Amino acid sequence: MWSQQTQSSHVARDFRLATVLFLVIGLVPGKTSTAAHAESLHFSVENLNTAHPRLVFHDDVLNMLVSHRESAVEDDPVQRWLPQMLDYLESSIHTREPLSCPDPSAGIKPIWGVRCALNRIYMLVMFHRLALTSDDQESANRHAERAWEELRALMDDDRWGDFDFLILAEAANAVGIGYDSLHPWLSQHADGPARLAALRDYLANRVLAIAHAKYTNGRDLPRWKNNQSNQNKVINGGFLLAALALGHDDPDHGQIAEAVVNAALAHITLDWLQPDGGWPEGPTYWNYALRYLTLALEGLDRAVVSTEYRQSLRDRFGHGGLTRTARYAAHIMGQYDPPGAEDAQFTIGDADPKLKGAPAVFWLAERYGCAFCVRQELARTDAVLAAWQRGELD
């Protein structure tokens, strides 16, 4: 049996490598829109791209990853990171049982189990998609099969419950992205129809039905619906991604998916980012909140085919503190310092001197402009990876 310390170290490694994955995703340029200002931000499933994947690992991301993997540019950072991530995938994920971190007897909070599965699923489906571009069908199948095993274990585990909404939102993110990314592969698999049905059932009945009930119950207003904290962005963002993943694939739940997207958007609050992008909870919770918010906004921008809707989305989120918050990470974190350094970063909120990086910076900097934020985040990510490989972050 692993000790709690060993288990915590393994979970931390999964989290740090998954952070690099989000950094890679953030480097993909966003879609552009030339539509005039649109008045309505009402989402309709009829405007949803019917193809999969349509969220994080869509073809634009895949093509960008391939271009970096095969780049002739000297010292391409993504080209450096991908082999490190694949080595980790082979040595530390394929060699272990699904959902094996944390061991429930180790005393780790249940949310780390969901987060571990989420991180693994993101890595597995990314390398599944990349293997297909190299005609490596054996690796593509192996990564996809293991991703399905993680998804099945996550859906079958009763530790999460249905009413811890922070945990449920992270599980919704994991299952939604897994369903969306593996959909083409599952559609051709012998057991694909049953597996797709199981994923749709989880998203519809274990996520969206519960979320919809909370959004529409005026007597029982959960704290996360309208408050300003990180939970507001994580939970609303997680439910939004799950609804986009399912869309109208399940005819019986298309209307609920539509309602959840609209409710989640209506309840996302940005007041704490005003006026200049600062965040009172500190950089760790800022990173957590912005990761889910940017994934949700990117998912909408990619999945919706209506240029008018995408423009209205950018109108709502294209001003104020959100457009300047990438600078918050640059100013409050500064350069990477080794563990124990007194000047690693300000000890505000839950700030951790062992910096992990801020993946949302790349998306924010691309969307709203901040070249020095990108340079600093790239340098910090390389430093964190090097420190991790030296064993300094265990």
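Residues numbered from 1 in each chain as written. Predicted model: local features only at pLDDT ≥ 70, side-chain atom pairs only at ≥ 80, totals over all residues. Heavy atoms only, no water.

S.K.: What am I meant to see in the overall build of the protein here?
M.R.: The secondary structure content of the protein amounts to 14 helices and zero strands. Counting only residues that meet the buried cut, the protein has 59% of its 394 residues in that class. Contacts in the protein between residues far apart in sequence, at least 24 positions, make up 79% of those at least 6 positions apart. Here the protein displays about 15500 Å² of accessible surface, and carbon together with sulfur accounts for 51% of that area. (Helix = DSSP H or I, 4+ residues; strand = E, 2+ residues; numbered from the N terminus. Buried < 20%, exposed > 50% of the residue type's maximum accessible area, 1.4 Å probe, protein only. Contact = heavy atoms within 4.5 Å. Areas by Shrake-Rupley, 256 points an atom, 1.4 Å probe, with all protein chains shown as cover.)

S.K.: What is the right way to read the confidence of the model for the protein from this model?
M.R.: Low-confidence regions, as indicated by low pLDDT, have predicted coordinates that should not be scrutinised in detail. Scored by pLDDT, the protein has a mean of 81; 76% of the residues are at 70 or more. The element-level mean pLDDT for the protein is lowest in helix 1 (residues 4-26), coming to 52, with helix 5 (residues 137-156) highest at 96. Within the model, pLDDT remains below 50 along residues 1-12, and this stretch shows 25 contacts once partners closer than five positions in the same chain are excluded. (pLDDT = per-residue confidence, 0-100.)

S.K.: Help me understand the packing of aromatic side chains in this model?
M.R.: Two aromatic rings, taken as a pair, are described by how far apart their centres are and by the angle between their planes. Throughout the structure, instances matching the rule amount to seven aromatic pairs. With 5.3 Å between their ring centres and 50° between their planes, tryptophan 286 and tyrosine 328 make a pair best called tilted. Here tyrosine 328 lies in helix 12 (residues 326-333) and tryptophan 286 lies in helix 10 (residues 283-303), a separation of 42 residues in the sequence. The exposure class of tryptophan 286 is buried, given its relative accessible area of 0%. (Phe/Tyr/Trp six-rings, centres within 6.5 Å; stacked < 30°, edge-to-face > 60°.)

S.K.: Would you mind going over the packing of helix 5 against helix 6 (residues 165-187) with me for this structure?
M.R.: Axis angle and axis distance: for two packed helices, these are the angle between their axes and the distance between the axes, and together they describe the pair. Where helix 5 meets helix 6, the axes come as close as 10 Å, and the angle between the chain directions of the two elements is 145°. The two elements helix 5 and helix 6 meet at a crossing, and its hand is left-handed. The residues of helix 6 that touch helix 5, namely those facing Asn141, Ala144, Glu145, Ala147, Trp148, Leu151, Leu154 and Met155, are Ala171, Ala174, Val175, Gly178, Leu182 and Trp185. (Axes fitted to C-alpha atoms, helices over the stretch in contact; angles between N-to-C directions. Left-handed = near helix turned anticlockwise from the far one by under 90°.)

S.K.: Would you explain the environment of alanine 243 in this entry?
M.R.: Looking at where alanine 243 falls in the secondary structure, it is placed in helix 8 (residues 230-246). Classification of alanine 243 as buried rests on a relative accessible area of 2%. Placed 14 residues apart in sequence, alanine 243 and alanine 257 show a C-alpha to C-alpha distance of 4.6 Å. Once residues lying within four places of it in the same chain are set aside, the contact partners of alanine 243 are Leu208, Ala257, Val260 and Val261.

S.K.: So what exactly am I meant to see when it comes to helix 10 here?
M.R.: The α-helix advances 3.6 residues per turn, and as a result positions three or four apart in sequence lie on the same side. If you check helix 10, its first and last C-alpha atoms are 29 Å apart, about what 21 residues at 1.5 Å a residue would give, namely 30 Å. Counting buried positions along helix 10 gives 19 out of 21 residues, so the element sits mostly inside the fold. (Expected span 1.5 Å × (residues − 1).)

S.K.: Can you walk me through the state of the cysteines in this structure?
M.R.: What we call a disulfide is simply a covalent bond connecting the sulfur atoms of a pair of cysteines. Across all of its chains, the model carries one disulfide by this definition. Between cysteine 370 and cysteine 373 runs a disulfide, and the two sulfur atoms are separated by 2.0 Å. Between cysteine 370 and cysteine 373, the disulfide has an S-S torsion of 60° and is therefore right-handed. Residue cysteine 370 shares its accessibility class with cysteine 373, and that shared class is buried. (Disulfide = S-S within 2.5 Å.)

S.K.: Please explain helix 8 as it appears in this structure.
M.R.: An ideal rise of 1.5 Å per residue puts 24 Å on 17 residues; helix 8 measures up with 25 Å between its terminal C-alpha atoms. Counting buried positions over the 17 residues of helix 8 gives 16, a clear majority of the element. Phi turns positive one or two residues past the end of helix 8, at glycine 247, with a value near 50°.

S.K.: Got a minute to help me understand the environment of histidine 253 in this structure?
M.R.: By the secondary structure assignment, histidine 253 is in the loop between helix 8 and helix 9 (254-267). Residue histidine 253 is classed as buried on the basis of its relative accessible area, which comes to 14%. Contacts of histidine 253, omitting those with residues within four sequence positions, involve Ala204, Asn205, Leu246 and Gly247. Only 3.4 Å separates the side chain of histidine 253 from the side chain of asparagine 205, close enough to count as a polar contact. (Polar contact = N/O pair within 3.5 Å; in protein donor to acceptor, adjacent residues only side chain to side chain.)

S.K.: Could you clarify how one ought to interpret the nonpolar core in this entry?
M.R.: Note on soluble globular proteins: their nonpolar side chains tend to be buried together. Grouped together as the largest cluster of nonpolar side chains are 110 residues, with contacts concentrated most on Phe43, Phe239, Trp286, Leu290, Leu300 and Leu322. For leucine 322, the contacting residues outside a window of four places in its chain are Leu270, Leu273, Leu290, Leu293, Leu297, Phe317, Leu364 and Tyr368. (Core = buried A, V, L, I, M, F, W, Y, C linked by side-chain atoms within 4.5 Å.)

S.K.: Help me understand unusual backbone geometry in this model?
M.R.: For residues that are not glycine, phi is negative in most cases, and the peptide bond is trans in most cases. For the bond running from histidine 52 to proline 53, omega is -5°, close enough to zero to count as cis. Locating proline 53 in the fold gives a position in the loop between helix 1 and helix 2 (59-69). Cis geometry is adopted by the peptide bond preceding proline 275, which originates at glutamine 274 and carries an omega value of 0°. With respect to the helices and strands, the residue proline 275 is situated in the loop between helix 9 and helix 10.

S.K.: Looking at this model, I keep getting lost on the pattern of salt bridges. Mind explaining?
M.R.: Working definition: two side chains of opposite charge can pair if their charged atoms are close together. For the coordinates displayed, the defined rule picks out 15 salt bridges. Between glutamate 70 and arginine 69 there is a salt bridge, and its shortest N-O distance comes to 3.3 Å. Notably, a salt bridge pairs arginine 142 with glutamate 138, separated by 3.5 Å at the nearest N-O pair. Here arginine 142 pairs with glutamate 138, and both are found in helix 5, just four residues apart, close to one helical turn. Here arginine 142 falls in the partly exposed class, since its relative accessible area comes to 28%. One connected set of salt bridges, linked through shared partners, spans Asp60, Glu298, Asp301, Arg302, Arg310, Arg314 and Arg367. (Salt bridge = Lys/Arg side-chain N within 4 Å of Asp/Glu carboxyl O.)

S.K.: When you look at the packing of helix 2 against helix 3 (residues 77-93) in this model, what are you seeing that I'm missing?
M.R.: With their axes 8 Å apart at the nearest point, helix 2 and helix 3 run at an angle of 95° to one another. Considered as vectors, helix 2 and helix 3 are oriented roughly perpendicular to each other. Two secondary-structure elements touch here, helix 2 through Leu65, His68 and Arg69 and helix 3 through Val78, Gln79 and Leu82. Per-class residue counts for the contact of helix 2 with helix 3 are three nonpolar, two polar and one charged. (Parallel < 35°, antiparallel > 145°, perpendicular 65-115°, else oblique. Nonpolar A, V, L, I, M, F, W, Y, C, P; charged D, E, K, R; others polar.)

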